[in-house]
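# Architecture at a glance
Chain residues, written in single-letter form:
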Amino acid sequence: MVLYGNDDRYLKLVHAVLPVSHTDGKATHVTEFAKEGERPTTTPPTPVAYGPMFGGPPADTLWMRLSYHADTARDETEVSAATSTDGAHWVHTGVWTLPTSSRLRIGLVAQNAAGALARFDYVHTYRR
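None of these values were measured; they are calculated from a predicted model.

Enumeration according to the criterion identifies zero aromatic pairs in this entry. The residue whose ring lies beneath R65 is W90, and the NZ or CZ to ring-centre distance is 3.9 Å.

The structure is reproduced here in structure tokens:
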């Protein structure tokens with residue numbers, strides 16, 4: 001899943017297939033929660049700063065959850081991620097923030113190379 005502003009401003013929660021350099025071309029499967037966007041701690045803000053964090057274990061069936069919060073006091077967008085292998089027990093990955101400068105749209109994403117098949121049978125959005 002992706003919360004997308006543009007190609008240099010997004011947050012993604014994905015099942016990623018990463019090459020492992022020391023294992024003769026084998027790959028490892030991980031759950032990745034990443035962001036690309038402004039780095040507000042630099043002046044002027046660095047437009048393309050990428051950061052991944054790795055969450056719960058990947059699985060053939062994986063529930064993914066993104067929770068969005070608009071922090072108007074700080075003019076930031078906060079997004080937290082969680083995954084589950086059974087739909088009941090959740091592993092919370094962490095929180096990324098981006099300066100609030102434009103609306104983020106929700107979408108589905110596939111990137112880079114073959115290695116994982118995604119089927120979505122339930123996508124739900126709601127307000128808390």
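On we go.
Our next topic: the sheet that holds strand β5 (residues 63-71). With antiparallel pairing, three strands are arranged side by side in an open sheet as β5-β6-β7. Each of the sheet's edge strands pairs with one partner strand only, and the pair in question is β5 and β7 (91-99). The mean inter-strand angle of the sheet, taken between neighbouring strand axes irrespective of direction, is 20 degrees.

Let us look at the nonpolar core. M1, L3, L11, L13, F33, M53, V79, A81, W96, L98 and L104 together form the largest nonpolar core, which totals eleven residues. Counting only elements with at least two residues in this core, the list comes to β2 (9-19), β6 (76-84) and β7. Sequence-distant contacts of L98, that is, excluding residues within four places in its chain, are made with R9, L11, K35, E36, G37, E38, E76 and T77.

Calculation rules
Residues numbered from 1 in each chain as written. Predicted model: local features only at pLDDT ≥ 70, side-chain atom pairs only at ≥ 80, totals over all residues. Heavy atoms only, no water. Phe/Tyr/Trp six-rings, centres within 6.5 Å; stacked < 30°, edge-to-face > 60°. Lys NZ or Arg CZ within 6 Å of the ring centre and 35° of its normal. Pairing = 2+ DSSP bridges. Helix = DSSP H or I, 4+ residues; strand = E, 2+ residues; numbered from the N terminus. Axes fitted to C-alpha atoms, helices over the stretch in contact; angles between N-to-C directions. Core = buried A, V, L, I, M, F, W, Y, C linked by side-chain atoms within 4.5 Å. Buried < 20%, exposed > 50% of the residue type's maximum accessible area, 1.4 Å probe, protein only. Contact = heavy atoms within 4.5 Å.

So far we have only geometry, and geometry alone does not tell us how the molecule works.
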